[in-house]
Each structure stands twice: as C-alpha cells, then as structure tokens.
Amino acid sequence: MAEPRRPAEGCSYRNTDCLERPLKRLFKGLGSGVAACPWPFVLVPLLLSGGLGAGFFFLPQREANDIEEQFTPTWGPAKADRDFVQRYFPTNDSERFSAQRLPTEGAYAALIAVAAGGGSVLDRAALRDLQRLDAAVRTRGFEQVCARPCPEPVDDAGAAAALENLYFPVSNGSFLGATLGGVRTGADGRVLSARALKLVYYLRQDGSAAADSRRWLEGFLQDIPSKLAAWRAIQVTYFTSLSRQQEFEGNTNSVIPLFSITYFLTITFSVVSCLRLSCIRNNVWLACCGVVSAGLAVLSSFGLLLFCGVPFVITVLSAPFLILGVGIDDMFILIAAWEQSSRKKDKSDVKSRLAETYAEAALSVTITTLTDVLAFFIGTWTAFPSVRSFCLYTGTAFVFCYIYTLTFFGAIIVLNHRREQGNRHWLTCMPVQVGKGQAEKSCLYNACCIGNCSGESSLPESEHPMSIFFKKYYGPFFTNRWIKLLVVLLYGAYLGGSIYGCTQIREGIDLRNLASDDSYVIPFYDDNYKYFSTYGPRVMVVITESVDYWNETVRLGIENCTQNLEGISYVDKSLSESWLRVYTNLSKSGLINISNKTLFIKNLAVLFGIVPSFEWDINKTEDKIEASRFFIQTVNVTSAVDEKNLLNQLRETAKQCSIPLMVYHPAFIYYDQFLVIVQNTIQNIIIAAGAMLVISLLLIPNPLCCVWVTFAIASVIVGVAGFMTFWNINLDSISMINLVISIGFSVDFSAHISYAFVTSGESSANKRAIEALSVLGYPVLQGAVSTILGVVVLAAAKTYIFRTFFKIMFLVILFGGLHGLVFIPVFLTFFGNFGRSTHNTKSKKLELMSRNSKDCL
C-alpha cells in the first residue's frame, strides 16, 4: 500500500500550522517594529482618535431615536397599509375629525381620572372636579388648535342628568368602551358606577396647525403637573402624543453619568490586577493605558461612523460599557504574554521579547476579536434599524480596540519596559537608588519609597496562587466521582429549566418600557391597562380594490368576509360599523334602490344624509368606488401574545377572503415586530454560530474541540433565552442583540478549555481536566469578572433598555463561565478519550489562547 501523502512542509493534519505560522511571523514582525520605534505607535492612534473624534460634532444630526423608525421592522406590512389608508382616506382635522378613522395616532393629550377612595367618577363631587380639570385644559387656547368639531366642555350638571339614561358599552349610538373604565352596570346595561374616565383632546395636524398643536402640547406638559394635586375627588394621570418619544429620548441623560462609574471600576480592577509591591515594576500606568486604549477605540469608531452618516440610536450607548470590559481582557492577555517572555528571552532584548509576546498573544486576541466582530456584523442583517446601528457601532469599535491593543498598548509596554530598565519610579519617573542596608527596610518602605532593582526579576517567578487553587483544590474537587454525578444532575436541571423557559418566552417590546421607571407615563399606562384594556384597537377593514358593490353576489361575499372576521375570538361582532350593511338595509326597507351601478352611486347621497361620517369611509369617483372601509371592535387584547394572535388571525382571515381586504390600525405598526423577531433571531444565531464553527475549524481544528464548541454555543444560547423568561425579559430588538453576542462569548469560554484538554499529555481524563483548569481556569474567571464590571453599572439604570442589556450580558457571562469552568471539564472526563491526540503536546503552550489572560500579578 502506498504511503499516505504527507502534509505540506510546516503543516500537519492535527494543528493550525498552515494558518498559524504565517500569522505568527506577521505578528512577530509587528512586535519587532513596535519595539524598535514605539513613539509613532503611541502618537498615531492618539492623533487618529482626535481626528476621528471630530465626528462627534455631527452627533446632533445623526441622532435617530424615532421609536417607530428604529424599533419596528423596516418593511413592516402595516407601514404599507398606512400609506394606502392615507392615500385613499385623507383626513380633514379642520372640518370633519373622527378619531377611529385616523391613519396615525394623531396629536392629542389624554387624561385618565380615577375616583379617589374607591368611589365613582360619576358621583357629583368627582364630576365637579372633572369639570374644573377640563376647564384648566381648555384655558390654554385649546379651542384654537382642537380638531374640528371641538368636543363639548364637561358640564357636571348636564352630565349628572345624562347619567340616568347612560348604557354601556354603547349609549345613544356612541361607543363608551374607550371612555369609561371599571364600569358596573345593572341587568339592563344601565351604568351604575365607573371607576375611571378618560378625556382625550385631539388637535389639528393639517398645514400650519401642526406646529401650533405641538406648542400647545409642550405647554400642556409643563403646566399639568402643578395642577394634579388640585382635585380631591379624583386622581389624574396624563399622556400626550409627544410623551413616548420625549421620554425615550430623555433616557440618554440618565445613562451618561454611569460612564464615569464604569471607567472608575475598570481602571480600579485593572490597577489592582497589575499592582506590584515594587515602585519600579509596578504596572499601574500599563493598566490605566489599557483602559485609555479601549476609550480611544470608542472615540475613533463612533467618530468614524458619525462622519459616514450612520444613525446614532440610544441603544448604541450600551456599547462603550461592553467595549471597556472586553478591551481590558485584551490588555491582560498582552501583559501576561509579556511576563511570560521574560522566562524565554533576554530581558534586555526588548525586540525579541515583544516579538515573542505578539507571537503568543496576538493570535489569541485575533481569534476572539474575529468571532465577536463577526457576531456583530452578522447582527446587522436584521429588519430592525436600532439593532443594525448597535451592531455597526459595536463591531467597528471592536476592530479599533484590536488595532489599538496591538499598536498603542504594545508601544506603552515598550516605554514602560524602558522605565523599568532605567530603574525609574513608576509615578515620578525619577531614578531609584538601591544602596547597602536597604534590604533591611520593610516591604512597604521598599515598595513606596525605594523599590527593588530591575535585576531582581531574573529570579524564577512562583506559580500564581489562583493557578495553584485550580490545580490542587478546584480541579480535584470537580473530578471526584460523586461531584461529577452532581454536576450532571445540575446540568440536567439547567437544561430542563432553560427549555421550559424557551417555551414561555414573550415576544415584542412593550412601549411602556421605552420610558424611565420614574416617568409620568408609567402611571398612565398602569391606569389605562387596569381600566381600559377590555376593549382593544378599533380596526379598519379596507376593501382595497374597486369591486361591483351593486352586484348582490359581491355584497354577499363582503358580508361573508365580515362575518368571518367577526368570528375571531378577539372581535365583538355587536360593535362593528359598516356603511354597506346600513346601505343594504335601507335598500331592503324600500327607501332606495341599489340594483345597478348608476343607482348605487347616486343614492349614496341618501346614506350620507343619514350617517354623514360614512362619506369618509368611501373613496369614489363619478362612476366607481375605488376603495371603502368598515370597522370591527377588538376585545381582551391585554398582552403581547394577544397582540400577536390578533394580528395573525385578522390578516390570515382577510387573506382567505375572496374580496381583496386589508386590516389596519396604527398599533399594527408595532405589532409587526412579532412577525419577524423570532425569524430574525434564529437566522442571525444560525449564521453566527456557523461562522464561529468555521473559525474554530480553521484556527483550532480538533474534531473533539469543535464538538464541544458546538455544544457550548447551543447550550449557552438555550440557557440565556430560557432564563430571559424567568427574569421578565421579552424577546425584542434589544434582547436579540445580546443573544447574538452570546455566541462569541460562548466560543471564548469553551474553545480553549476543551483544546487544552485534548492536547494535554497527562495519562488520564481527570488529570487532563485538572491541567486544563490550572492553566485556563483563572483567565476564564478573570475575563468573566472584567466583562461584568464593564456592564454592572447598567443594573442601576432607570431604563428597561439598559437594564436588559446588563441582565442578558450577566446571563451570557454566567452561563458561559459555568460551561467553561464546570460543565465542559466534567463532561470531557467522560468523553475525553475520543479523538484524543496522540502527540504529547502540553496545554500550557495554549495558556494565552483565551481572551481572558492570567492576572498579571
């Protein structure tokens, strides 16, 4: 048998030499160049960051925080439906206003008055307060900007008289379901009491009146808070058509102060990690410059994209917190590699040391950066502009963070080494003299005032205490037979709980979550849900094409479609409103004749004389009807699940109709997210996971390792998605970002632990697991802590968006670390002999193959 073909020189079937060796040569050359001339690598990033940072001058023009534009699907069907309604059924706020016929939410101010002490808003005392409340609203020139016809003022005497014949939900042809809440009726439907009353003041939006209406609303928001305590019989909450957007934009101010806290935490963590009891070898400035390097990456990337015109959305404000956490991980990996190089190279040969440092560390940084950047750029393939902007800004920032780590921070290492070689103090940079007898001084005195000469570091350094902990205590503990059984049971509980959580996950963003916790809109949303959630949106049903309405067969088809829509569980058929039904009944009564086209078109004037508002529901020319609409009333739409089911059932029923129908309500613009959120999330996760596996195969092509990387990705994603349910996090455009991020981090935690295991030269699976943990256990732990520190301040944010970012990142890091430090090492002891390399390659050469390096203590 012929001898198998040998791999090309420098390559092997079991390692990454074909790709790794050229990359190492490249990084060695870069390291030598930085060491030979460090100042350009310090100054160029600073100047580049300063130049690109000028892009922040364009920030006001690039801010794109329109809720509808950023948090709804770009090509949502409801947006096209709205365009159709606006084209065929234009509104006229100055003459014939109708709230249910608006194609948008309109311009309005809304008040919900709840009777105090458990009483009724229909009591005489409450009605008097309602009259004064209404008068206070109208004193600001409401009559000049109101949508015509303006609503009649509240009259407590007249209202009290009218209550004697008030029925619910329809009274004298008026629908009261959206006006009275918490209603108690008698057997005949007569209203006995009501807990809440909603007053809505609609304003004109046509022409120049739109600007006047906006000014009126802004004045209303300024004046109304001071008047809320003036009424004793009622408790009032308020909301306007501007409120949601203004409160959302105000979230920016609440998170900016958290940046300073984050910088303080990351600098403190970095300084403590790099602290030395020597005034010469102290790496405080290295730690500080590592944080500065991450900050420069944020400045450069954001400035560049602002120059390029990329929209800046409020969700992007979460990115710097994550970049800081990840950036100092890259700092640690370089410092650790630099410390390791002192054992292999002459300490005075800075070029050789930095070349060795880059050869060992830069590949690791490249792998983890590549996986994270790919995850973010894949995340831009989404229907949500807010997600697209976040992923663009964050992915670009990761690229700059990578570049500045290998240039700016590498040069800082060289300059710091020169200071050490010159025996200079870390703070003052003054020469430190070590004389006779100073060895007898205390350690604290030597550290703060004298220090040790740089030559002391030639002595062999002891093993890090945390490595000893993982080797002697942690590893043996988890390789115990009974502990491994316990871990298997724990994983079973984790997986079972996660899968159950995935089946209960809630979709869609709740609009109330776009405001801060202390916003005035939250009490309004609470009252609206409590008292007015029984009746949902009043939905337009639009016949989108010209049909032969005078043909009885066509009318029967329309009626059949209407009844099918009314048969949906979310629709109350007794509250429908159809001009065609009324017109047909008039014909059946003999008042008019609609048997042919001419008579049908001509006699519409009779219908409009009886019900004038029907004229707004028909778009007609002299000889045909271009489009028409009628209305159905939805009920019991109280949750995101109900909203999703309502939209799907209405559209599916309309689609099956023989008549071309369209269902529309302004709220459907936001409901459309339910159609794509799961599909987009799964699509991005699958593509990102595939990309991660390709990278793993190219750079760490061990079959067993790739199996465990795949396992970790799937397990972490299922865990994060499942536990989102238990932490009251919806699957929306915000959480979707973090699920994609979790793929990159799960690779970071799993790939190198498993590869260290399979390349270990130890004889048994338990010993290989212990060795892998002793080498990489502390780096994984340190990386998890540093990333959490980067985002932990967001837990104190008053806004759902930023708290959600923290919660999911916490779950990602917790479950990723749990897999890297507990589940995978234990499972490898069961299956570790399959695919084990026969080469006696020590896993310690992979010590720096993790994003999270050893502590530089």
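Cut-off values and rules
- Residues numbered from 1 in each chain as written.
- Predicted model: local features only at pLDDT ≥ 70, side-chain atom pairs only at ≥ 80, totals over all residues.
- Heavy atoms only, no water.
- Helix = DSSP H or I, 4+ residues; strand = E, 2+ residues; numbered from the N terminus.
- Buried < 20%, exposed > 50% of the residue type's maximum accessible area, 1.4 Å probe, protein only.
- Contact = heavy atoms within 4.5 Å.
- Areas by Shrake-Rupley, 256 points an atom, 1.4 Å probe, with all protein chains shown as cover.
- 1 Å grid on protein atoms, 1.4 Å probe; cavity = no way out; pocket = protein on both sides within 12 Å on 5 of 7 lines; lining within 4 Å.
- Points joined across faces, edges and corners; volume = space filled by probe spheres on them.
- Nonpolar A, V, L, I, M, F, W, Y, C, P; charged D, E, K, R; others polar.
- Expected span 1.5 Å × (residues − 1).
- Polar contact = N/O pair within 3.5 Å; in protein donor to acceptor, adjacent residues only side chain to side chain.
- Patch = residues over 30% accessible without salt bridge, like charges linked within 9 Å, V, L, I, M, F, W, Y side chains within 5 Å.
- Salt bridge = Lys/Arg side-chain N within 4 Å of Asp/Glu carboxyl O.
- Bend = angle between axes of the 7 residues up to and from the residue.
- Disulfide = S-S within 2.5 Å.
- Pairing = 2+ DSSP bridges.
- Axes fitted to C-alpha atoms, helices over the stretch in contact; angles between N-to-C directions.
- Core = buried A, V, L, I, M, F, W, Y, C linked by side-chain atoms within 4.5 Å.
- pLDDT = per-residue confidence, 0-100.
- Phe/Tyr/Trp six-rings, centres within 6.5 Å; stacked < 30°, edge-to-face > 60°.
- Lys NZ or Arg CZ within 6 Å of the ring centre and 35° of its normal.

S.K.: Go over the overall build of the protein with me, naming the residues and quoting the values.
M.R.: A tally of regular secondary structure across the protein gives 30 helices and eleven strands. Across the 857 residues of the protein, 57% fall into the buried class. Of the contacts formed within the protein by residues at least 6 apart in sequence, a portion of 79% connects residues at least 24 apart. Total accessible area on the protein stands at roughly 36,000 Å², and carbon and sulfur atoms take up 59% of it.

S.K.: An account of empty space enclosed by the protein is requested, with residue identities and associated values reported.
M.R.: Taken as a whole and judged by the stated rule, the model has ten cavities of 30 Å³ or more. Roughly 100 Å³ of volume is contained in the second largest cavity. Lining of the second largest cavity is provided by F89, P90, T91, N92, D93, R96, F97, S98, R101, L102, W616 and R629. Among the residues forming the lining of the second largest cavity, the class breakdown is five nonpolar, three polar and four charged.

S.K.: Account for helix α18 (residues 481-503), naming residues and giving values.
M.R.: End to end, α18 covers 34 Å across 23 residues, agreeing with the expected 33 Å (1.5 Å per residue, within 8%). Capping the start of α18, N480 holds a side-chain oxygen 2.9 Å from the backbone nitrogen of W482, two or three residues further along.

S.K.: Before we move on, could you go through unusual backbone geometry and cite the residues and values that matter?
M.R.: Peptide bonds are mostly trans, and most non-glycine residues show a negative phi. Along the chain, R148 connects to P149 via a cis peptide bond; the corresponding omega equals -5°. Relative to the assigned elements, P149 resides in the loop between α7 (142-145) and α8 (156-162). Each neighbour pair has its own omega, and for F168 with P169 the value is 10°, a cis peptide bond. Locating P169 in the fold gives a position in the loop between α8 and β2 (170-171). Located in the positive-phi region is N728, a residue other than glycine, with phi close to 60°. Note on placement: N728 falls in the loop between α27 (703-726) and α28 (733-758).

S.K.: Please set out a nonpolar patch on the surface residue by residue, giving values where relevant.
M.R.: On the surface, a nonpolar cluster with roughly 430 Å² of combined accessible area is contributed by W39, L43, L46 and L47. Along the polypeptide, W39 turns up in helix α2 (residues 38-53). By relative accessible area, W39 is classed as partly exposed at 47%.

S.K.: Would you mind going over helix α29 (residues 765-791) in detail, with residue names and values included?
M.R.: Compared with an ideal rise of 1.5 Å per residue, which puts 27 residues at 39 Å, α29 spans 37 Å between its outermost C-alpha atoms and is within 8% of the ideal. Maximal helix bending in α29 amounts to about 45°, located at L776; proline P779 follows within four positions. Most of α29 sits out of view: 23 of its 27 residues are buried.

S.K.: Please provide a residue-by-residue account of the state of the cysteines, values included.
M.R.: Applying the stated rule across the entire model yields two disulfides. Between the sulfur of C561 and that of C657 lies a disulfide, 1.5 Å long from S to S. The disulfide joining C561 to C657 has a torsion of about 80° about its S-S bond and is therefore right-handed. Of the two residues, C561 is situated in helix α20 (residues 552-566) and C657 in the loop between α24 (640-656) and β11 (661-664); the sequence distance between them amounts to 96 residues. Judged by its relative accessible area of 4%, C561 falls in the buried class.

S.K.: Quick one: what's the story with the sheet that holds strand β6 (residues 234-240), residue by residue and with numbers?
M.R.: Strand pairing in a sheet takes place through backbone hydrogen bonds and is either antiparallel or parallel in direction. On the basis of which strands lie adjacent, the open sheet formed by four strands has the order β4-β5-β1-β6 and antiparallel pairing. The two strands at the open ends of the sheet, each matched to only one other strand, are β4 (180-185) and β6. For this sheet the average axis-to-axis angle between neighbouring strands, irrespective of direction, equals 20°. Relative to strand β5 (residues 191-203), strand β1 (residues 107-115) runs antiparallel, the two sharing eight bridges. For I112, the partnering residue across the bridge sits in β5 and is K198.

S.K.: Now, about the nonpolar core: what can you tell me, with residues and values included?
M.R.: Core analysis: the largest hydrophobic core is formed by 203 residues, its most contacted members being L111, Y549, W579 and L650. Among the elements that take part in this core, helix α30 (residues 800-831) stands out by supplying 18 residues, more than any other. Counting residues in each nonpolar core, the second largest holds 45 residues, with V34, V42, A337 and Y358 among its members.

S.K.: How would you sum up the confidence of the model for the protein? Please name residues and give values.
M.R.: Across the protein, the average pLDDT comes to 83, with 87% of residues at or above 70. Counting interchain partners and residues more than four positions distant, the pLDDT-below-50 stretch residues 1-16 has 22 contacts. Contacts of residues 451-461 to residues separated by more than four positions or lying in other chains number 21 contacts, the stretch itself having pLDDT below 50.

S.K.: Can you explain the packing of aromatic side chains? Please cite residues and give values.
M.R.: Counting across every chain of the model gives 50 aromatic pairs. Their ring planes at 80° and their centres at 4.9 Å tell us that Y583 and F600 sit as a pair that is edge-to-face. Of this pair, Y583 sits in helix α21 (residues 579-588) while F600 sits in helix α22 (residues 597-602), and the two are 17 residues apart along the sequence. With relative accessibility at 0%, the residue Y583 sits in the buried group. Sitting over the ring of F532, K198 keeps its end group 4.8 Å from the ring centre. For the cation-ring pair, R353 lies above W338, with the distance from its terminal atom to the ring centre recorded as 3.9 Å.

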